[in-house]
Amino acid sequence: MVHPTPRPVYLNLFQIRLPVGGVVSILHRVSGTLLVLALPFALWMFARSLESAQRFAAVQELVRAVPARWVLCIVLLGLGHHLLAGIRHLLLDLHVGMSRGGARLGGWLVLMLDGVVAVALGVSWL
Amino acid sequence: MAINVRRAGSAHRGLSEWLLQRLSALYLGGFVLFAAGRLLWAPIVTYEAWRDWVLSLPMRLALALFFFGLLLHSWVGIRSVFMDYLKPMWLRFAAQGVTGLGLLTLGIWAMVILFGGRP
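Each value, and the rule that gives it
- Residues numbered from 1 in each chain as written.
- Chains lettered and ligands numbered in written order.
- Predicted model: local features only at pLDDT ≥ 70, side-chain atom pairs only at ≥ 80, totals over all residues.
- Heavy atoms only, no water.
- Contact = heavy atoms within 4.5 Å.
- Buried area = accessible area lost by both parts, 1.4 Å probe.
- Salt bridge = Lys/Arg side-chain N within 4 Å of Asp/Glu carboxyl O.
- Polar contact = N/O pair within 3.5 Å; in protein donor to acceptor, adjacent residues only side chain to side chain.
- Helix = DSSP H or I, 4+ residues; strand = E, 2+ residues; numbered from the N terminus.
- Buried < 20%, exposed > 50% of the residue type's maximum accessible area, 1.4 Å probe, protein only.
- Arc of directions from axis to C-beta.
- Phe/Tyr/Trp six-rings, centres within 6.5 Å; stacked < 30°, edge-to-face > 60°.
- Lys NZ or Arg CZ within 6 Å of the ring centre and 35° of its normal.

Draft legend 1. Structural view of the interface of chain B and chain A. Between chain B and chain A, the contact holds 33 residues from the first and 22 residues from the second. Across the chain B/chain A interface, buried area totals approximately 2200 Å², and carbon plus sulfur atoms make up 76% of it. One can count two salt bridges joining chain B with chain A. With a closest N to O distance of 2.8 Å, Asp84 of chain B and Arg29 of chain A form a salt bridge. Seen at the junction of chain B and chain A, the total is seven residue pairs in polar contact (both at pLDDT 80 or more). Those elements that place two or more of their residues in the side of chain B that touches chain A are helix H2 (15–41), helix H3 (47–54), helix H4 (57–85) and helix H5 (89–115) of chain B. In terms of residue count, the dominant contributor to the side of chain B that touches chain A is H4 of chain B (eleven residues).

Structural data, given as structure tokens:
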């Protein structure tokens, strides 16, 4: 059988305007990957913090110093988004917010709460 | 002639990963919220308080489960990212191999931290 259009079809992702659910979903992926990349460093700091009072203080100092402070802020923002979007996905599995309107509302809610987390982090930590 | 569809391998592929990802998510999310709540409620600033909290037996066990769940969750998540974006088979297998070894190493390290008994 001959297909009317040549296959496989390659979509140009830059020409597609993602709906809000798509934005939340891709950010879920990006933040998850970021969190995995942060894992070795987090575990290293966790190990150091438990070794002695001096090393605990050194870790405290490290996370307060400027480059690490920003990185930590981004990682925590990623964690916040991953958690919020994850909760949305679990609710979708339970068919909560599955309608088009509900899914949009949930997506915007996640993005709004991301903003709240960002502001809270910015005020308390930056 | 009867064909055993399941033996072909595709019918159930991914179902256990799908379930694992959600079950681990529940524990990870619950633990993160618990730990964040505990630390925000009563911040821990001294080494002694930190060590006593983290290395108490219930916390050690909860953290061991957490790291175990984290590695499973990371593995399933990263694996699906690789399956979507890394098309050449050799590249995907290489990346998955490196990731798997890395995650296993982190898991063993976490167990050493929690149960190694050094501090």
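Draft legend 2. Expanded view of H3 of chain B. Of the positions making up H3 of chain B, those classed as buried are Tyr47, Trp50, Trp53 and Val54 of chain B. Seen along its axis, H3 of chain B keeps its buried residues to an arc of 140 degrees; they face one direction. Looking at the packing, one finds that the buried side of H3 of chain B touches helix H1 (20–51) and helix H2 (53–64) of chain A together with H2 and H4 of chain B.

Draft legend 3. Up close: unusual backbone geometry. Residue and element names in this part refer to chain A. A positive phi angle, near 65 degrees, is found at His95, a position not held by glycine. Residue position: His95 is located in the loop between helix H3 (66–93) and helix H4 (100–125). His95 gets classed as exposed once you look at its relative accessible area, which sits at 59%.

Draft legend 4. Inspection of the pattern of salt bridges at higher detail. All names here are of chain B. Across all of its chains, the model carries five salt bridges over all chains by this definition. Between Glu17 and Arg79 there is a salt bridge, with its nearest N and O atoms 3.7 Å apart. Placement of the pair is Glu17 in helix H2 and Arg79 in helix H4, with a sequence separation of 62 residues. Relative accessible area serves as the criterion here: at 24%, Glu17 is assigned to the partly exposed category. Of the charged contacts, one joins Asp52 and Arg51 as a salt bridge, the two residues approaching to 3.7 Å between their closest N and O atoms.

Draft legend 5. Inspection of the side chain of Ser49 of chain A at higher detail. Its location among the elements puts Ser49 of chain A in helix H1. Judged by relative accessible area, which is 4%, Ser49 of chain A ranks as buried. A distance of 2.8 Å separates polar atoms of two side chains, one belonging to Ser49 of chain A and the other to Trp50 of chain B. Once residues within four sequence positions are removed from consideration, Ser49 of chain A is found in contact with Phe56 and Val59 of chain A together with Tyr47 and Trp50 of chain B.

Draft legend 6. Examining the packing of aromatic side chains more closely. All names here are of chain B. All told, the structure shown has nine aromatic pairs over all chains when counted by the stated rule. Between Phe66 and Phe67 the ring centres are 5.7 Å apart and the planes differ by 65 degrees, which places this aromatic pair in the edge-to-face class. The pair Phe66 / Phe67 is uniform in exposure class, with both members buried. Stacked on the ring of Trp53, the Lys or Arg Arg38 has its end atom at 5.2 Å from the ring centre.

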